[in-house]
Amino acid sequence: MLSENELLEDYIYDRHSYEMALFDELHYIGNHNEIRKSIVHKDMYRLYSLIAMVVQLYDHLGPAGKNKLKGRLIDGFKTEVGLAPIETEITVLIHCLNKGFDVYPNDIENNGGFDFLATKNNLEIEIECKLESADLGRPIHIRKAKYLFNRLLIIRDLPENQEKSKHIIITFETRLSGNHKDQEHIVEGVIQAIKSGVNYYITKNFTIHISEVELTSKMTSLVKNKIADENSLRIFVEETTGLKNKEATAIINSNDELIIITLDSRQKVKVLGCILKELKKATKKQLTGKRPGILVVQLIDIKPHELIQLSTSNKNKPNAFEYIAQKLFDSENRTHLHSVAFISSQAMEKSRIYTSPINLRYHVTGSGRSYTFRNINNEYCDVDDLNIFSE
């Protein structure tokens, strides 16, 4: 996949870090007939941490649970979702154990329902883990954008595209299609617009706007040295066009001029609405209502600056996480929902430990940010033992 589309590299390594780390390790073992004597990067630490936790869980499961866990691991390597849902559940399981709870893996053992039953001091709480993609409510999905950008690389060799740096904005009427023929039609439209020398090229499904741009020396240098990250492009596009949080890429033509391509849509972004809908569904279908319940939500396909935006309040308005929590709690049918916790992916930190003058070891820990909201309508709201994800 990466050999066919190098633009997918960051996306793949971000979305499937465990799988890529395992691939690297198996490749090393195949070449050297042994495992590495030391762990070389943070994703390898995460991989071995996950393996250790899965093995511990597997040893405590019954026959049916063991078969289901094996099936989920196998499916994780076959689907685009990957191992991320398992990693989220394992992380929550370990966190609950560290908080002093006894944890029963209800979903795996009983083939359905909420994920975990956590018990402490005769109190029981149901926990449901959800892995939600921010792409769910975006008209332009990251993966589809990467495929389109890769197909558009052909324009860098056009004779008409060699003189000056350009900014090409493709605005879709609705959603960006991932269909091969649909994307080829977009590429043909861009080529036609460039060859015609027009500023605007309008079709039924999308509009192309081409303009010449004056690039800062910093931007030109970054891209030519192949170190212009998505954040640099995002800032440049926002400053020059006012378009915020758009998918963009940069191409260098054969004359060393820069071509920036930005994707936009007239359809509104509905990330919050789509995530809220999924969480309402989970509360209704997964939690029994017989005990207090917690939803633990991990977002994927979201960039660092977007996560900051979601967690930032504007004046008297709630931030995105507060908005979702309030909507979930604002119903008589969801008073059993004790709290909602939004968690981020773990960042690995390595510290050195001196055990003797000649023996140096490393201690690696994982930590991530969480945003937790409690439901004041739940009768256990103020019970400290149940505030599992609150600091």
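Just above sits the structure.
Let me begin by describing the structure that accompanies this report.

Helix and strand counts for the chain come out as 13 helices and 13 strands. For the chain, buried positions account for 43% of its 391 residues. In the chain, of all internal contacts separated by at least 6 residues, the share reaching a separation of at least 24 is 66%. Of the roughly 21,800 Å² that the chain leaves accessible, carbon and sulfur atoms contribute 49%.

Before going further, it helps to spend a moment on the packing of helix 3 (residues 42–59) against helix 4 (residues 63–76). Where helix 3 contacts helix 4, the two axes come as close as 9 Å, and the packing angle between them is 155°. With respect to each other, helix 3 and helix 4 are oriented roughly antiparallel. In this structure, helix 3 meets helix 4 at a crossing whose hand is left-handed. On helix 4, the residues touching V54, L57 and Y58 of helix 3 are K66, L69, K70 and L73.

The next thing to look at is the side chain of S265. Its place among the elements puts S265 in strand 8 (residues 258–265). The exposure class of S265 is buried, given its relative accessible area of 12%. For S265, the side chain forms a polar contact with the main-chain oxygen of T174, separated by 2.4 Å. Of note is the side chain of S265, whose polar atom sits 3.0 Å from the backbone nitrogen of Q267. In this structure, S265 is in contact with P139, I140, T171, F172, E173 and T174, ignoring residues within four places of it in sequence.

On to the packing of aromatic side chains. For the structure shown, the criterion picks out four aromatic pairs. Each residue in the set F321, F342, Y371 and F373 is aromatic and connected to the rest through ring pairs, giving one cluster.

Now for the sheet that holds strand 7 (residues 247–252). An order of 5-6-4-8-7 is seen for the five strands of this open sheet, with the pairing classed as mixed. With one partner strand each, in any of the chains shown, strand 5 (200–202) and strand 7 form the two edges of the open sheet. Looking at each pair of strands side by side, their axes are set apart by 15° on average, direction ignored. The pairing of strand 7 with strand 8 spans six bridges and is classified as antiparallel. Directly across from I252, in strand 8, lies its bridge partner L258. Of the strands in this sheet, strand 4 (166–172), strand 7 and strand 8 touch helix 7 (residues 142–151), which is tilted by about 20° from strand 7.

Parameters and conventions
- Residues numbered from 1 in each chain as written.
- Predicted model: local features only at pLDDT ≥ 70, side-chain atom pairs only at ≥ 80, totals over all residues.
- Heavy atoms only, no water.
- Helix = DSSP H or I, 4+ residues; strand = E, 2+ residues; numbered from the N terminus.
- Buried < 20%, exposed > 50% of the residue type's maximum accessible area, 1.4 Å probe, protein only.
- Contact = heavy atoms within 4.5 Å.
- Areas by Shrake-Rupley, 256 points an atom, 1.4 Å probe, with all protein chains shown as cover.
- Axes fitted to C-alpha atoms, helices over the stretch in contact; angles between N-to-C directions.
- Parallel < 35°, antiparallel > 145°, perpendicular 65-115°, else oblique.
- Left-handed = near helix turned anticlockwise from the far one by under 90°.
- Polar contact = N/O pair within 3.5 Å; in protein donor to acceptor, adjacent residues only side chain to side chain.
- Phe/Tyr/Trp six-rings, centres within 6.5 Å; stacked < 30°, edge-to-face > 60°.
- Pairing = 2+ DSSP bridges.

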